[in-house]
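Each chain, written out:
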Amino acid sequence: MNTIRLLFVFFRISVLNETAYRVNFFVQLFQSLLELGTALAGLAVIFSYTQTLGGWRSDEMLALVGVYFLMGGIISLVIQPGMSALIDSVRDGTLDFTLTKPEDAQLLVSIQHIAIWSMLDLLMGAGVLVTALIRLGKTVGFGESAQFICMLLAGGVIVYSFWLILASLSFWLVRVENLLEIFQSMYQAGRWPVSIYPGWLRFALSFIVPVAFATTIPAEALTGRLGFSMLLEAFGAAILLSAAARLIWRLGLRRYSGASA
Amino acid sequence: MTALRELNALMRLYAQQFRTTFASMVQYRASLFIWMISQVLEPLVYLVVWSTVSNSSGGSVGGYTARGFAAYYLTLMLVNQVTYTWIMWEYEYRVRQGFLSFALLKPVHPIHSDISDNLSSKIITLPILVFVAGSLALIFRPTAELTWWAVLAFIPSLTLAFLVRFLVEWSLAMAAFWITRVNAINQVYFTLMLFLAGRIAPLSLFPRWLQITADILPFRWMLGFPVELVLGRLTPTQVLIGLAAQAAWVIISLVIIRVIWRAGVRVYSAVGA
């Protein structure tokens, strides 16, 4: 309950801050539309030559694009801004202010920066997803929706934990912004089902940089092609990775010596 | 005689600039490495996508087999590496922060230091990229019909492609003098490039009207054209027309730069004062 209250407070602050820069809204709108247009036009070119891509029909690919934007929106809405701010605050010592607050510090660093205009990506992703489902013309059953929501949550937890682990490395290393960039540039591979990639790349996109869990697996759940074992695997990965992130965060905090030291 | 002396001075300038920027590029090798991941990943992703399509539709799409796509995209990866620039972000930063003032104090046009910056970073990254492309070639087994004249014509076309891309992006970077939010412009530019330079798909797979658009605009001449040329997908006439189009774009952008640079610097000093 407390978490939701805090999230709401930080969200409100961000809205108050950002509404002063309303042009940013239009810039973001423009860029998001352009990106979405590119993705859709790319699909149009590819599906003018084929019926299926690695077993995915065009409307199923559309659903994947929806998930891609949805998850990308979540990343740029809270995860990315929070984690870059964390790295900065470890370097210049302003993490002190967070640590003195009577709330869990991991929670605070994770939600205190919200890039509200990224909601556009999120909404657009949701819109594409709904369109795809309508075009697929099948009523998504209770089982598939439940699986989808679970996998979306698991994917979100995995991506968040992965970012937190990378950002926590800043307690030991000086420059880690570059590592975060790696995720951002690998994420583009998640716009396509990972099953089309050769084995080594699929492995890298699942277990080195968890892009597959973020996009392909939720989309597989929605289109009813996710096996039960994969479902368990994703859950396992989410639990394991979030525990690891928590541990590394705690170890890092112990090393943190503050601004004055 | 004076022309010769000037050229000599310019050569020495490049050599010196080259040493300086080489040192700083070695310093920022981590950023260079991360930049390279996206340079490799984008063509690799489209290579996989198109070979999947090709395999599932009887082994060939629009004249490209899976191995043909491998040849196309691995060559594209290398040509892109040779021709890319980051000058648009650089200028936005320089103008916003006022660092351009230092460049303006020097008695030579700042474009010279930008060119040698660009080339020296590539000397570091190109061997790595050739190695990566070579390893990928072992996996994807590209095939292409090489002809001696196409390989020969590839050299001038690659040089011209570098010049076209550098000069067009340099003149686009000048937008930073007038507009504070150049990111939106840059993104439009990159989106157009994605389609019209042949990055999303070889241009011959696009509908006719898009191919004509690509012939008129500069994007194809920066990337797609040298790739198609060296893979032997163009007739000699098409190659000659292409080289002429590249040369034309070099001249056009040089003229634009001359005009815009003067006007831009005037605006810039007004802001800085």
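For the structure given in this document, a descriptive report is provided here.

Parameters at a glance
- Residues numbered from 1 in each chain as written.
- Chains lettered and ligands numbered in written order.
- Predicted model: local features only at pLDDT ≥ 70, side-chain atom pairs only at ≥ 80, totals over all residues.
- Helix = DSSP H or I, 4+ residues; strand = E, 2+ residues; numbered from the N terminus.
- Rg over C-alpha atoms; globule rule 2.2 N^0.38 Å.
- Buried ≥ 20, exposed ≤ 12 C-beta atoms within 10 Å, placed from the backbone.
- Contact = placed C-beta atoms within 7 Å.
- Nonpolar A, V, L, I, M, F, W, Y, C, P; charged D, E, K, R; others polar.
- Core = buried A, V, L, I, M, F, W, Y, C linked by C-beta atoms within 7 Å.
- Axes fitted to C-alpha atoms, helices over the stretch in contact; angles between N-to-C directions.
- Left-handed = near helix turned anticlockwise from the far one by under 90°.
- Parallel < 35°, antiparallel > 145°, perpendicular 65-115°, else oblique.

### Details of the overall build of chain B
Per the secondary structure count, chain B includes 12 helices and 0 strands. Listing the helices and strands of chain B from first to last along the sequence gives α-α-α-α-α-α-α-α-α-α-α-α. In summary, chain B has a C-alpha radius of gyration of 20 Å against a globular reference of 19 Å for 273 residues, a match within 12%. With respect to the principal axes defined by its C-alpha atoms, chain B has extents near 65 × 45 × 40 Å. Per-residue burial over chain B gives 39% buried out of 273 residues. For chain B, the proportion of contacts with a sequence separation of at least 24, taken over those separated by at least 6, is 81%.

### With respect to the environment of L99 of chain A
Turning to its location among the elements, L99 of chain A is positioned in helix α4 (residues 95-99). Sequence spacing of L99 of chain A and L253 of chain A is 154 residues, and the spatial spacing of their C-alpha atoms is 9.4 Å.

### Points about the interface of chain A and chain B
Taken together, the contact between chain A and chain B spans 25 residues of the former and 27 residues of the latter. Going through the elements one at a time, α2 (23-47), β1 (52-53) and α8 (177-187) of chain A are the ones with two or more residues in the side of chain A that touches chain B. The dominant element in the side of chain A that touches chain B, judged by the number of residues it contributes, is α2 of chain A, at 9 residues. Of the residues assigned to the side of chain A that touches chain B, the class counts are 15 nonpolar, 9 polar and 1 charged.

### Structural notes on the nonpolar core
Ranked by size, the top nonpolar core spans 143 residues in total, and within it W163 of chain A together with A161 and V164 of chain B carry the most contacts. Apart from residues no more than four positions distant in its own chain, A161 of chain B is found in contact with V79, T83, W221, M222, L223, F225, P226 and Q246 of chain B.

### A few points about the environment of V164 of chain B
Residue and element names in this part refer to chain B. You can see V164 is positioned in helix α7 (residues 148-173). In sequence terms V164 and S253 are 89 residues apart; their C-alpha atoms lie 7.6 Å from each other. Setting aside its immediate chain neighbours within four residues, V164 contacts P218, W221, M222, Q246, W249, V250 and S253.

### Some points on unusual backbone geometry
The phi dihedral of R141 of chain B is positive, around 45°, even though this residue is not glycine. The residue R141 of chain B is located in the loop between α6 (110-140) and α7 in this model.

### Remarks on the packing of helix α2 (residues 29-56) of chain B against α6 of chain B
Residues and elements named next belong to chain B. Relative orientation of the contacting elements α2 and α6 amounts to 35°, with a least axis distance of 11 Å. The interaxial crossing formed by α2 with α6 has right-handed handedness. Counting all contacts with α2, which are made through L32, M36, V40, L44 and L47, the residues of α6 involved are S121, I124, T125, I128, L129, V132, L136 and F140. Tallied by class, the residues present in the contact of α2 with α6 amount to 11 nonpolar, 2 polar and no charged.

### A look at the environment of E169 of chain B
All names here are of chain B. Looking at where E169 falls in the secondary structure, it is placed in helix α7. Its 23 C-beta neighbours within 10 Å are what place E169 among the buried residues. A C-alpha to C-alpha distance of 31 Å links E169 and T2, two positions 167 residues apart in sequence. In this view, E169 contacts T85, I87 and M88; residues no more than four positions away in its chain are not counted.

### Topic: the packing of helix α7 (residues 142-168) of chain A against helix α12 (residues 228-255) of chain A
Residues and elements named next belong to chain A. In the contact formed by α7 and α12, the axes pass within 8 Å of each other and the chain directions differ by 25°. By the criterion of interaxial angle, the relationship of α7 to α12 is roughly parallel. Seen from above, α7 lies across α12 with left-handed handedness. The residues of α12 that touch α7, namely those facing Q147, M151, A154, V157, I158, S161, F162, L164, I165 and S168, are L231, A234, F235, A237, A238, L241, S242, A244, A245, I248, W249 and G252.

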